[in-house]
Amino acid sequence: MNDRSPFPTIVLAAFLAGLLDLVLAIIVYSVFLDKTTAVKILQSVASGAFGKAAYEGGIKMAALGIVFHFAISLMFTLFYFFVYPRLAFLRRHGVISGIVYGIFIWMVMNLVVLPIAFSGMLPMEPGATMIGISIVILGVGLPISLIAHFYFTRSTQY
């Protein structure tokens, strides 16, 4: 039995997922769609805790947005690593699990967390929804599921 702690792998997976998610969001929304800036994206994360004041807080709020973003990524990574050994489907279908987990994360964030943080938030248009889900699948769901699969198949902890 391998007694290696999963924590370094969890931190790595959370960091990678958080980084990929941010990079993809910035590329899509700032570069391709030219809808916002990287700083505004990060301030919008901080606005969940600080409200509209986050948009006037400059780089300080953007930095807090980064901290919150990676904390959220860590929570979703911890959850996946917790359920992975308990659900055979996750072990058998790494890519499909990553896609499903990305959709799950998008749903939790956009149908539960964001409406609570921003009351009166309007529903997203179908095109915006597909872009958002795609970013979360590629940037978060797949990296977490594949790293978890690699970790658990190299150990006998489950």
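Given the structure is predicted, the values throughout are model-derived calculations rather than measurements. (Residues numbered from 1 in each chain as written. Predicted model: local features only at pLDDT ≥ 70, side-chain atom pairs only at ≥ 80, totals over all residues. Heavy atoms only, no water.)

Student: Whenever I open this one, the overall build of the chain confuses me. Can you help?
Tutor: Counting secondary structure elements, the chain contains 6 helices and 0 strands. Taken from the N to the C terminus, the helices and strands of the chain come in the order α-α-α-α-α-α. Over its C-alpha trace the chain gives a radius of gyration of 16 Å, about what one expects of a compact globule, namely 15 Å for 158 residues. By principal-axis analysis of the C-alpha atoms, the chain measures approximately 55 × 35 × 30 Å. Of the contacts made within the chain by residues no fewer than 6 positions apart, 65% connect residues no fewer than 24 positions apart. (Helix = DSSP H or I, 4+ residues; strand = E, 2+ residues; numbered from the N terminus. Rg over C-alpha atoms; globule rule 2.2 N^0.38 Å. Contact = heavy atoms within 4.5 Å.)

Student: How do you make sense of helix 2 (residues 38-50) when you look at a structure like this?
Tutor: The periodicity of an α-helix, 3.6 residues per turn, causes residues three or four places apart in sequence to face the same way. Compared with the 18 Å implied by 1.5 Å per residue over 13 residues, the 18 Å span of helix 2 between its first and last C-alpha is a close match. At S44, helix 2 is bent by approximately 30°, the largest bend along its length. Taken together, the buried positions of helix 2 are I41, L42, Q43, A46 and S47. Those residues of helix 2 that are buried are in contact with helix 1 (7-32) and helix 3 (58-83). One or two steps after helix 2, the chain reaches G51, where phi turns positive at roughly 65°. (Expected span 1.5 Å × (residues − 1). Bend = angle between axes of the 7 residues up to and from the residue. Buried < 20%, exposed > 50% of the residue type's maximum accessible area, 1.4 Å probe, protein only.)

Student: Would you mind showing me how to read the packing of helix 1 against helix 6 (residues 126-153) here?
Tutor: Between two packed helices, what matters for the description is the angle formed by their axes and the separation of those axes. Where helix 1 contacts helix 6, the axes come no closer than 9 Å and their chain directions differ by 160°. When the axis of helix 1 is compared with that of helix 6, the two are roughly antiparallel. Between helix 1 and helix 6 lies a crossing of right-handed hand. Contact residues: helix 1 offers T9, A13, L16, A17, L20, D21, L24, A25, V28 and Y29, while helix 6 offers A128, I131, G132, I135, V136, L138, G139, V140, P143, I144, I147 and Y151. Of the residues belonging to the contact of helix 1 with helix 6, the class tally is 18 nonpolar, 3 polar and 1 charged. (Axes fitted to C-alpha atoms, helices over the stretch in contact; angles between N-to-C directions. Parallel < 35°, antiparallel > 145°, perpendicular 65-115°, else oblique. Left-handed = near helix turned anticlockwise from the far one by under 90°. Nonpolar A, V, L, I, M, F, W, Y, C, P; charged D, E, K, R; others polar.)

Student: What exactly am I supposed to notice about unusual backbone geometry here?
Tutor: If you check the backbone angles, D34 has positive phi at about 50° while not being a glycine. Within the secondary structure, D34 is located in the loop between helix 1 and helix 2.

Student: Any chance you could explain the nonpolar core here in plain terms?
Tutor: Soluble, globular proteins show a tendency: their nonpolar side chains are buried together. Residues Y80, F81 and I105 are the most contacted members of the largest nonpolar core, which totals 23 residues. Among the elements of the structure, helix 1, helix 3, helix 5 (94-117) and helix 6 are those that each provide at least two residues to this core. Broken down by element, this core gets its largest block of residues, 10 residues, from helix 6. (Core = buried A, V, L, I, M, F, W, Y, C linked by side-chain atoms within 4.5 Å.)

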